[in-house]
Each structure stands twice: as C-alpha cells, then as structure tokens.
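# Close look at the chain arrangement
Letter by letter, the chains look like this.
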Amino acid sequence: SAALTQSLALHAAALESLSVGVCVVDAELRIVLFNRRYVEMYDLDPREVYVGRRLVEILYHSATRGNHPGTQLEEYFRKRLDMMARGEPFRVLRQMPNSRTYSLGFRPLADGAWIIMVEDVSERQRQEYELRLKFERYDQAVNHMSHGLCMFGPDERLIVCNARYLGIYGMDPAIVKPGITPR
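Conventions used here
- Residues numbered from 1 in each chain as written.
- Predicted model: local features only at pLDDT ≥ 70, side-chain atom pairs only at ≥ 80, totals over all residues.
- Heavy atoms only, no water.
- Helix = DSSP H or I, 4+ residues; strand = E, 2+ residues; numbered from the N terminus.
- Rg over C-alpha atoms; globule rule 2.2 N^0.38 Å.
- Phe/Tyr/Trp six-rings, centres within 6.5 Å; stacked < 30°, edge-to-face > 60°.
- Buried < 20%, exposed > 50% of the residue type's maximum accessible area, 1.4 Å probe, protein only.
- Lys NZ or Arg CZ within 6 Å of the ring centre and 35° of its normal.
- Expected span 1.5 Å × (residues − 1).
- Salt bridge = Lys/Arg side-chain N within 4 Å of Asp/Glu carboxyl O.

## Thoughts on the overall build of the chain
Secondary structure summary: the chain contains 6 helices and 7 strands in total. The order of α-helices and β-strands along the chain, N terminus first, is α-β-β-α-α-α-β-β-β-α-β-β-α. Against the compact-globule benchmark of 16 Å for 183 residues, the chain has a radius of gyration of 25 Å, which places it well outside the compact range. Each principal axis of the C-alpha atoms in the chain carries an extent, and together these give about 75 × 45 × 30 Å.

## Some thoughts on unusual backbone geometry
A positive phi angle, near 75 degrees, is found at Ser-99, a position not held by glycine. When you line up the elements, Ser-99 lands in the loop between β3 (90–95) and β4 (101–108). For Asp-111, which is not a glycine, the phi torsion comes out positive at approximately 60 degrees. With respect to the element layout, Asp-111 can be found in the loop between β4 and β5 (114–120).

## Let's talk about the packing of aromatic side chains
Taken as a whole, this structure holds 6 aromatic pairs when the rule is applied. Aromatic pair Tyr-42 and Tyr-102: ring centres 5.6 Å apart, planes at 85 degrees, arrangement edge-to-face. One end of the pair, Tyr-42, is in the loop between α2 (36–41) and α3 (55–64); the other, Tyr-102, is in strand β4, and 60 residues separate them in sequence. In this structure Tyr-42 comes out as buried when scored by relative accessible area, which is 6%. On the basis of relative accessible area, Tyr-102 is assigned to the buried category, the value being 4%. These aromatic residues form a ring-pair network of at least three members: Tyr-38, Tyr-42 and Tyr-102. Sitting over the face of the ring of Tyr-76, Arg-94 holds its NZ or CZ atom 5.1 Å from the ring centroid.

## Some words on helix α1 (residues 2–17)
Taking 1.5 Å per residue as the helical rise, α1 with its 16 residues ought to reach 22 Å, and the 22 Å between its terminal C-alpha atoms agrees with that figure. Across the 16 residues of α1, 1 count as buried, placing the element largely on the outside.

## Regarding the pattern of salt bridges
This model, assessed by the stated rule, comprises 13 salt bridges. The residue Asp-26 makes a salt bridge to Arg-30 at a minimum N-O spacing of 2.9 Å. Relative accessible area serves as the criterion here: at 14%, Asp-26 is assigned to the buried category. Overall, the relative accessible area of 33% leaves Arg-30 in the partly exposed class. One salt-bridge network, held together by shared partners, links Asp-26, Glu-28 and Arg-30.

Spelled out as structure tokens, the structure:
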C-alpha cells in the first residue's frame, strides 16, 4: 500500500540521517539492517556490506581496511560474543588506528537480534582529557602553595580552600568543605 511505502521511506530517511553508525544483526549474527554512516565510519567497501552478510565477515573485511589488527580479530570477536551471550546491553570504547575513538553500544532486541550503534566520541574524549588536565593543574597549584587559600562565593559559602589553610587554622577537612558557611 502507499501508506506502508511512505512509512518505510520515512524510516529509511531517518536511519540515513543519523550521525551514528547503525548495524542490526539477527540471532545468527547476520546483518539485517545498517546505515551508510556505519560503512563510512569504518571505511568499508559498500559492496562488502549487505543484508545477510555475517558480522564476522564484516570484521575480517574491516581488518583488511586497517581497523583491526588481524592477529587479535578472533579474540576481539570472542569477547563481544561472550558479552552478547549475557543478553544485556553493554558499551565498548574502541580506539581506532586513525586516532578516532568510537563508542559502540550493543543492545539486545527481540528473538536474539542485536543493534550496534557506533558513535564517534573523539571530540568528547579530547575535551574530557583537557578538562581533567586543567583540573589536575589547578589542584596542584592550589594544594602546593606556600600560603593558605580560602575562597567564598557571593552566597557566603565556601568554594575552595587548600590543605595549607586547614593546617594553619587546625580545621577538620571533614567539616570544612565546599558549601559550608563561615559560621
């Protein structure tokens, strides 16, 4: 019917417009659905990815494209199968040879099928690393000062103080922590 055709076209358009790669496999780990982004993210030959193809064959093809060390491929696949055997959703971070970091989300579906969603989290990883580095530098600077430091916000609540400040006044760090008032 025309309504079904239109509905399927909308679903296909939605799938293709996603910024994440999507691959759905059946209980026998054969591809039943995928989007173009999945193929692009792994730089796969589009002729090698098709409905009915076994996931393990895609992994071997992916290895030929430089995405997996061939010597570790069987171990990689076995670990994923072990995790899938539990029947619970799981997530794996994968550092790619092209310096990208992918987050692979595995979710079980009905009848033993699985959906694998691949998100490029490289920028988020980079930002988290930079933020962690800034915090470590800040922490080092504050806690290695030769003098005590104490800072309160406009609401008269403690924002930060260092160990030297606590030591000078003999204060208990379990009590004097962010959020406490001067009283």
